[in-house]
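# Structure at a glance
What follows is the residue order along each chain.
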Amino acid sequence: MTLTETKPQTPDRATTPSHAPSRWGPKLWAILLVAGLAMFLDALDVSMVGVALPSIGAELGLDTASLQWIVNGYILGYGGLLLLGGRMADLLGRRQVFLAALVVFGLASLVGGLVDNEGLLIASRIVKGVAAAFTAPAALSIITTTFKEGHDRNKALSIFTVFGATGYASGLIVSGLLTGIDWRLTFYVPTVVVAAVVIAAFLVIPKSETERGHIDFGGAALLTGGMLAAVYTIVTVPEHGFTAFTIATTAAAVVLLGSFLIVENKIKQPLVRLGILRVKSIVRANLAAMAIFGSYISFQTIVSLYLQNTLEWDPLPMALALAPAGIIVAILSPIAGKFIDRYGTTPMIIASMSSFVLGYLWFIVRGGNPEPAYFIDYLPSFLLLGLGFALGFSSVMVQATEGIDDDEQGLASGLVQTSGQIGGAVVLAIATGLISGGVATNLDQYRPGLYLVAIVAIIGLAASATALLSRRQVAPEAA
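Secondary-structure assignment places Ala139 in helix α4 (residues 118-146). Its relative accessible area of 1% is what places Ala139 among the buried residues. Once residues within four sequence positions are removed from consideration, Ala139 is found in contact with Ala35, Ala38 and Phe98.

Looking now at the confidence of the model for the protein. For the protein, per-residue confidence averages 80 on the pLDDT scale, and 89% of positions sit at 70 or higher. Here residues 1-19 is modelled with pLDDT under 50, and outside its nearest four sequence neighbours on either side it reaches 60 contacts, counting other chains as well. Counted against residues more than four places away or in other chains, residues 473-479, with its pLDDT under 50, gives 0 contacts.

What follows covers helix α6 (residues 185-204). With 20 residues, α6 extends 29 Å between its outermost C-alpha atoms, agreeing within 8% with the 28 Å of an ideal straight helix rising 1.5 Å per residue. Among all positions of α6, only Thr186, Phe187, Pro190, Val194, Val197 and Ala201 are buried. For α6, the arc enclosing every buried residue in end-on projection is 85°, short of the 170-degree limit, so these residues lie on one face. Residues of α6 that are exposed and angled more than 90 degrees away from the buried face: Val192, Ile199, Phe202 and Leu203. Each element contacted by the buried residues of α6 is listed here: α1 (26-60), α3 (94-114), α4 and α5 (151-179).

Attention now goes to the nonpolar core. The biggest cluster of nonpolar side chains holds 138 residues, and the ones touching the most others in it are Ile56, Ile70, Phe98, Phe299, Tyr360 and Phe363. For this core, the leading source of residues is α1, giving 16 residues. Setting aside chain neighbours within four positions, we find Ile70 in contact with Val49, Leu53, Ile56, Leu62, Leu121, Ile122 and Arg125.

Calculation rules
Residues numbered from 1 in each chain as written. Predicted model: local features only at pLDDT ≥ 70, side-chain atom pairs only at ≥ 80, totals over all residues. Heavy atoms only, no water. Helix = DSSP H or I, 4+ residues; strand = E, 2+ residues; numbered from the N terminus. Buried < 20%, exposed > 50% of the residue type's maximum accessible area, 1.4 Å probe, protein only. Contact = heavy atoms within 4.5 Å. pLDDT = per-residue confidence, 0-100. Expected span 1.5 Å × (residues − 1). Arc of directions from axis to C-beta. Core = buried A, V, L, I, M, F, W, Y, C linked by side-chain atoms within 4.5 Å.

Printed below as a string of structure tokens:
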């Protein structure tokens, strides 16, 4: 299949009527609960590790550049294989892939808490990310194939977001408590949650039919290798410059990622059917995912380092300071589906990105006060970011998967989540390079990273706004 070929797609949600809502029985609620717990685990892990980073660095003697690999190792394993995970869920069965990956996720988390070596810790994080690369698209495609497109799917994805918000907020508070005892406990807790989810999934998730098809392992290897080479270069160059090795990794990134595009455009059963990228609404959804996750993961890392290392906050107060963002998402996400039904995905994503931009700018302007007043200098920023997630996450997921056939729901789900993780890895790598060097005594050292975060959010807002501009151009022609 060539780049110019594409399957028929449904237009943006704003112009597509919703299917009539149906009554959900206990079975549907149970499936949504179990699938949502996978989202809960992912958000729980991200927030707990973010809080624990300064403690990990202090015990193992790691600088900022090394610490970012604890986050990026997970992101790269996750983002590099999400597309493969989504495709394998389509071909091998969503339930089977979901269960197997959950077990690996739990074991990798356990190993991460046991090791004392930087390399082994990062390796465990990569393996954990790889496992999440299979659980996440399998969980999302379970939802998108169980609930029909329209009102039911919008509602289900809104509730799905609540699990992420709950996991994020819970992870902050739990990590703040546990890190004060031992940061290793933040690696052990997910293992216990995984055990419960595996049992529930085995009992609740129905067996899905497997499909015939080729699994593009070569494409997955090219994409993952290219991402690793690119992020390593971005992280290393600010500190060491363009050495012979970094020049080699730059060339490797270009060759591997270029080869990935060539291979995917030529083979019969690619990992990514590139024709799907000719649908503008899907491209905009993936760009929004990159902007949301790319900006926020970097922002959380910067704020964690600033509050704990520079202002010398304890882990628990720092976690409680960030918690309102997750609480806002948990409160507003259940009704996000209603807003999507009424206004469409594009206006919701624009409102979301606007809220992110305002939140980052508020922290840049107010966050550097030497004696900050939390309710004035910090809280408005965190509330705006929570509002951005509540409005944007479900809208992005709906826009990225609507109009896609069931046999490609895993692909569409994996693609949008991959975009988010790629955005997170690349922006965090650049932000880390911008803020590295010495112990910061005020916010000024972190400002370059914060400026980058705000710029990424502004770019995401601009990309989403092009949809409204195109509609205005089409309307006079239609009239």
